[in-house]
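For reference, the chains in residue letters:
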Amino acid sequence: MKKLFTILVILISAASLFASFDYRLELLSFKPTFKESSADRSRPALDFQYAGVYKGYPEYFYQNENKFTFNDTEKPWRVKPFFAIYHIGETLSLFRNTFTFDSILSPISLGLEVHGSLTSAMEGEVADTIGYDGVYFYGLAASFADKVALRFGYNHYCSHYGDGTYKYMEKGSEVTPEFGEWYKYLRMDSLLFGLSVNPIEYVRLFGEVTFDMKSTHVIPEIFSPSWTDNGTLAEGVPSSYNHLFLVFGAEIKYPIFKNLGFTSLSYQVKAYEEGKIAYKEEDLAEAGKDKAFYDPDRPWEFEHTFNLSQKVNDILSFDVTWHMGRFIVNMYYSTRTSYVSVGARLNFDTTVTLFDTAE
């Protein structure tokens with residue numbers, strides 16, 4: 001803390017001594033240096049959506065290499081493939097330092113960035129949850145000329161089975177008495193690097209890579225690199241396997257309706273290196289194997305999401321989202337689904353400024 005205070009004093013003093021640039025220090029801001037995509041299914045946001053699945057609804061899940069099916073088909077969430085989604089979260093920029101001067105790189109901003117988010121899916125009658133994902137990130141973020149933004153830091157991802165799943169699974173004949181809290185899907189403690197570029201007005205391109213550390217904990221372990229602490233249960237996994245997640249996308253924002261806010265169209269594709277691991281029953285049967293295995297000829301797994309958003313006022317937006325890929329919560333990583341959702345989102349934009357030489 002003393003070092004941070006010393007650095008801030010030096011920066012403020014420099015800003016006062018030299019008239020060639022302006023300096024601003026923000027305590028916190030709801031306008032992040034690195035903006036997340038509204039097409040991210042785990043986005044840090046405060047929203048509520050109602051979705052309809054027209055292809056692929058969870059009928060089973062895997063725990064490592066064990067398959068558990070849902071046997072109670074009379075429940076509403078199995079008969080009517082509609083469900084509600086909510087995100088509870090936000091991204092904050094903390095202690096953001098901004099330097100404005102006569103240069104093509106100006107302004108330059110640097111600070112801390114943190115976000116936390118909880119994503120939950122509930123059955124169509126908005127009753128028991130059928131799962132939730134928790135995500136948090138903290139690290140450094142920087143931007144240059146309001147055109148290029150970077151972030152790098154620690155990313156935690158964890159997904160669980162919800163109360164609704166427990167209730168329905170208890171009636172399934174395949175569930176053993178040992179069924180308990182260890183039946184979760186977890187992916188935790190990785191590093192994330194992101195890059196965002198605005199090449200022209202109203203257009204943004206972005207990409208991210210999430211990669212494991214030695215201490216990363218992954219269940220099912222079939223997806224965990226052999227060089228991590230918990231190893232791998234799949235056969236033939238090379239040391240070059242890194243369990244990477246890659247994200248690429250684009251966003252177009254334009255004020256179509258003059259009396260409202262921006263209209264935005266976002267697209268995101270997510271690529272999973274996990275696609276090279278064969279683990280499903282049908283994959284094993286086709287290969288004549290009884291254990292998950294690495295197949296160098298299998299492609300990465302891809303999912304696609306489009307989001308159309310219309311800002312109504314300073315804080316409210318309405319969204320329509322189309323998703324093709326994994327189910328909304330990662331606990332059903334084995335389910336490939338397609339759904340459309342509609343909903344509303346709150347967008348906060350408060351900034352608390354401690355010091356600004358331009359004022």
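Residues numbered from 1 in each chain as written. Predicted model: local features only at pLDDT ≥ 70, side-chain atom pairs only at ≥ 80, totals over all residues. Heavy atoms only, no water.

### Structural notes on the overall build of the chain
When helices and strands are tallied, the chain shows 4 helices and 18 strands. Counting over 359 residues, the chain shows a buried share of 50%. Sequence separation of 24 or more characterises 68% of the internal contacts of the chain that already satisfy a separation of 6 or more. Surface summary for the chain: the accessible area is close to 17,000 Å², and the carbon and sulfur share equals 63%. (Helix = DSSP H or I, 4+ residues; strand = E, 2+ residues; numbered from the N terminus. Buried < 20%, exposed > 50% of the residue type's maximum accessible area, 1.4 Å probe, protein only. Contact = heavy atoms within 4.5 Å. Areas by Shrake-Rupley, 256 points an atom, 1.4 Å probe, with all protein chains shown as cover.)

### Here's the deal with the packing of aromatic side chains
Counted according to the given criterion, the structure contains 19 aromatic pairs. An angle of 85° between the planes, with centres 5.2 Å apart, marks the rings of F223 and Y279 as edge-to-face. Here F223, found in the loop between β10 (203–219) and β11 (245–254), pairs with Y279, found in the loop between β13 (277–278) and α4 (281–287); they are 56 residues apart in sequence, far enough to count as distant. Y279 shares its class with F223; the two are buried. (Phe/Tyr/Trp six-rings, centres within 6.5 Å; stacked < 30°, edge-to-face > 60°.)

### Description of the pairing of strand β5 (residues 82–101)
Inspection of the sheet shows strand β1 (residues 21–29) paired to β5 by 8 bridges, in the antiparallel sense. Its bridge partner lying in β5, F21 is registered against F101. As defined by bridge partners, strand β2 (residues 46–55) adjoins β5 across 7 bridges and the pair is classed as antiparallel. In the strand pairing of β5, D47 is matched with H87. Judged from the 15 bridges that link them, β5 and strand β6 (residues 108–123) form a sheet pairing that is antiparallel. (Pairing = 2+ DSSP bridges.)

### Quick word on the confidence of the model for the chain
Per-residue confidence for the chain averages 85 on the pLDDT scale, and 85% of its residues sit at or above 70. Counted against residues more than four places away or in other chains, residues 175–179, with its pLDDT under 50, gives 6 contacts. (pLDDT = per-residue confidence, 0-100.)

### Some points on the nonpolar core
By size, the foremost hydrophobic cluster in this structure holds 16 residues, and its most contacted members are F83, A121, F327, I328, V329, Y332 and Y339. At the level of elements, β2 and β5 are the ones that each hand at least two residues to this core. If sequence neighbours within four positions are ignored, F327 has contacts with R41, Y57, P58, F83, A121, I130, Y332, T335 and T337. In terms of nonpolar packing, the next biggest core, distinct from the first, is built from 14 residues, Y185, V218, A292 and Y294 among them. (Core = buried A, V, L, I, M, F, W, Y, C linked by side-chain atoms within 4.5 Å.)

### Considerations on the pairing of β2
Note that β2 and strand β17 (residues 336–346) share 9 bridges and pair antiparallel. Paired with V53 across the two strands is Y339, which belongs to β17.

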